[in-house]
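# Per-entry structural report
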Amino acid sequence: MEESALKLALHEAGYVAEAGLVTTLWFAQALERPVLLEGDAGVGKSAVGGAMARVLGRRLVRLQCYEGLDLPQAVYEWNYGRQLLAIRLHEQDRSGISEHDLFSQEYLLERPLLAAMASDAPVVLLIDEIDRADEAFEAFLLEALADFQITIPEIGTIRARHRPLVVLTSNATRELSDALRRRCLYHYLDYPSPEREIAIVRTTLPDAESRLVEEGVEFVQRLRREDLQKTPGIAETLDWIRALHHLKLKALPEDPESILRTLSCLLKTRDDRFQMSAEHVRRLADGRDTGVAVSSA
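Counting from 1, residues in each chain are numbered in the order their sequence is written. Selection of residues for local features in this predicted model requires a pLDDT of at least 70, selection of side-chain atom pairs for listing and counting requires 80 or more, and totals for whole chains, interfaces and linings are taken over all residues. Neither water nor hydrogens contribute to the side-chain values; these are computed over all heavy atoms in the structure.

### Here we look at the packing of aromatic side chains
Stacked, tilted and edge-to-face are the three classes assigned to paired rings of Phe, Tyr and Trp, where Trp is represented by its six-membered ring and a pair needs centres within 6.5 Å; plane angles under 30 degrees give stacked, over 60 edge-to-face, the rest tilted. Enumeration according to the criterion identifies four aromatic pairs in this entry. An angle of 55° between the planes, with centres 5.9 Å apart, marks the rings of Trp-26 and Phe-27 as tilted. The buried label applies to any residue whose accessible area, calculated with a 1.4 Å probe on protein chains only, is under 20% of its type's maximum; exposed applies above 50%, and partly exposed to all values in between. Take Phe-27: its relative accessible area is 39%, and that puts it in the partly exposed class. Note on Tyr-76 and Trp-78: the rings are 6.3 Å apart at their centroids and 80° apart in plane angle, and the pair reads as edge-to-face. Of the residues examined, Tyr-76 reaches a relative accessible area of 16% and is grouped as buried.

### Focus: the packing of helix α11 (residues 210-223) against helix α15 (residues 278-286)
The axes used here are C-alpha line fits, helices contributing only the stretch in contact, and every angle between their N-to-C directions lies in the interval 0 to 180 degrees. Helix and strand assignments follow DSSP, with helices taken as H or I runs no shorter than four residues and strands as E runs no shorter than two, numbered in order from the N terminus. Two numbers describe how α11 lies on α15: the axes approach to 9 Å, and their chain directions differ by 115°. Taken as a pair, α11 and α15 cross one another with a handedness that is right-handed. Taken together, the residues of α15 that come into contact with α11 (itself represented by Phe-219, Arg-222 and Leu-223) are Val-281, Leu-284 and Ala-285. Crossing handedness: left-handed means the near helix sits turned counterclockwise from the far one by under a right angle, and right-handed means the same turn made clockwise. Every residue pair with non-hydrogen atoms within 4.5 Å of one another is taken to be in contact.

### Some words on the pattern of salt bridges
One side-chain nitrogen of Lys or Arg within 4 Å of one carboxyl oxygen of Asp or Glu is enough to make a salt bridge. Evaluated as defined, the whole model comprises 15 salt bridges. Of the charged contacts, one joins Asp-120 and Arg-161 as a salt bridge, the two residues approaching to 2.0 Å between their closest N and O atoms. With Asp-120 in the loop between α7 (112-118) and β5 (123-128) and Arg-161 in the loop between β7 (156-159) and β8 (165-170), this pair connects stretches of sequence that are 41 residues apart. Accessibility assignment for this pair places Asp-120 and Arg-161 in one class, exposed. Between Arg-211 and Glu-215 there is a salt bridge whose closest N-O contact spans 2.7 Å. With Arg-211 and Glu-215 both in helix α11 and four residues apart, this pair spans about one turn of that helix. A relative accessible area of 45% means that Arg-211 is categorised as partly exposed.

### A look at the environment of Gly-14
Note that Gly-14 resides in the loop between α1 (3-12) and α2 (19-31). For the pair Gly-14 and Thr-204, spaced 190 residues apart in sequence, the C-alpha separation works out to 6.7 Å.

### Some words on the domain arrangement of the protein chain
Note that the domain bounds were set by an automatic or database domain assignment. Parsing the protein chain into structural domains produces domain 1 (3-75 + 111-188) and domain 2 (194-286). Between domain 1 and domain 2 lies a buried interface of about 590 Å² when both sides are counted; carbon and sulfur atoms form 52% of it. The tally of links from domain 1 across to domain 2 stands at zero salt bridges. Two N or O atoms count as a polar contact when they lie within 3.5 Å, although within protein this holds only if one can serve as hydrogen donor and the other as acceptor, and sequence-adjacent residues are included solely when both atoms are side-chain atoms. Across the contact surface, domain 1 and domain 2 share two residue pairs in polar contact (both at pLDDT 80 or more). Put simply, Ala, Val, Leu, Ile, Met, Phe, Trp, Tyr, Cys and Pro go in the nonpolar bin, Asp, Glu, Lys and Arg in the charged bin, and everything else, Gly too, in the polar bin. Of the residues that constitute the side of domain 1 that touches domain 2, the class distribution is four nonpolar, four polar and one charged. Once two parts are joined, some of their accessible surface, as seen by a 1.4 Å probe, is lost; buried area is that loss totalled over both.

### Things to note about the packing of α11 against helix α12 (residues 234-246)
Two numbers describe how α11 lies on α12: the axes approach to 10 Å, and their chain directions differ by 140°. Considering the angle they form, α11 stands oblique to α12. Relative to α12, α11 is oriented so that their crossing is right-handed. Here α11 contributes Leu-212, Val-213, Gly-216, Val-217, Phe-219 and Val-220 to the contact with α12, which in turn contributes Thr-237, Trp-240, Ile-241, Leu-244 and His-245. Split by residue class, the contact of α11 with α12 holds eight nonpolar, three polar and no charged. Between 65 and 115 degrees an angle is taken as roughly perpendicular, under 35 as roughly parallel, over 145 as roughly antiparallel, and anywhere else as oblique.

### A look at helix α10 (residues 194-204)
Think of an α-helix as 3.6 residues a turn; residues three or four steps apart then line up on the same face. Every buried residue of α10 is accounted for by Pro-194, Arg-196, Glu-197, Ile-198, Ala-199, Ile-200 and Val-201. On the buried face of α10, the contacting elements are α11 and α12.

### Some remarks on unusual backbone geometry
Its identity as a non-glycine residue notwithstanding, Glu-32 has a phi of 55°, on the positive side. The topology assignment puts Glu-32 in the loop between α2 and β1 (35-38). The class for Glu-32 is partly exposed, based on a relative accessible area of 47%. The phi dihedral of Glu-129 is positive, around 60°, even though this residue is not glycine.

### What to know about the nonpolar core
As a rule of thumb, soluble globular proteins bury nonpolar side chains together. Formed by 36 residues in total, the largest nonpolar core has its most connected members in Leu-113, Ile-127, Ile-130, Phe-137 and Leu-168. Counting residues per element, the ones that place at least two in this core are β2 (59-64), β3 (76-78), α7, β5, α8 (135-147), β6 (149-152) and β8. For this core, the element with the highest residue contribution is α8, accounting for five residues. Setting aside residues no more than four positions away along its own chain, Ile-130 makes contact with Leu-36, Cys-65, Phe-137, Leu-141, Leu-168, Thr-169, Ser-170, Arg-174, Leu-176 and Leu-180. Residues grouped as a nonpolar core are buried Ala, Val, Leu, Ile, Met, Phe, Trp, Tyr and Cys residues, joined through side-chain atoms within 4.5 Å. Counting 30 residues, the second-largest nonpolar core is a separate cluster that includes Trp-240, Ile-241, Leu-252 and Met-276.

### A short note on the pairing of β6
Of the two faces of β6, the one lined by Ile-150 and Ile-152 is fully buried and the one lined by Gln-149 and Thr-151 carries no buried residue. Inspection of the sheet shows β6 paired to β7 by four bridges, in the antiparallel sense. Paired with Ile-152 across the two strands is Gly-156, which belongs to β7. Between β6 and the antiparallel strand that follows it, β7, lie three residues. A strand pair is defined by DSSP finding two or more bridges across the two strands.

See the structure below:
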């Protein structure tokens, strides 16, 4: 698939990608290299994995990382319940069962990493928020991504039948190792430009009025420049404009109090909500007709 075709396919899959991201994803396919997407929460990093799965017609396998993530939760574990049941059944009919029989693939529970390696068809492997996992798990992941294989002591080495397209995301809550960064292609995903965010909203909410979309996006763009504890991301923009559309609005209300009542979609902490007065909202909304230029793309 050519780079231009990939950009169009992503758009048709519901993801409006910037040119730099499209190039990085195209390289990831051509070079069969993992891609590391870094950026603030809410800029659309995780959605890239799902969009690429739709574009390529592959199953999406997702590993959500968190503090304390270990191998049984990420790679595999044994189905101890079934193993115990098998032992008891063989005791009842007085037939023996060997340790080799108990530790076979029949009793193996595949977690995301092993599922991606053992899949009969190519998949997209999304390793979400790798920065939340600890350094020990990151070291294991490096080894797995180096040769795309996993060793299970009781069975042996399982090599990937088809090399998955690997997308890692990071919110930069901790510094990742140089070794992991060297292993991956890298792209920093920032908050979208006004033109791109308008295109994203129009793609996702085609029934919303154009003026509502444009004014809503311009308001959120200004809101992101405020001193907030949690900056609203693209998902919050979509939620807010979807809610305004459900209220049958064709543009932002003129009354700032009416806007203020809807900000539960955008402001997600107590401090952010209580610093936002009607006068503050009026100031943010005042420039909506003279703000950023709107693209018709």
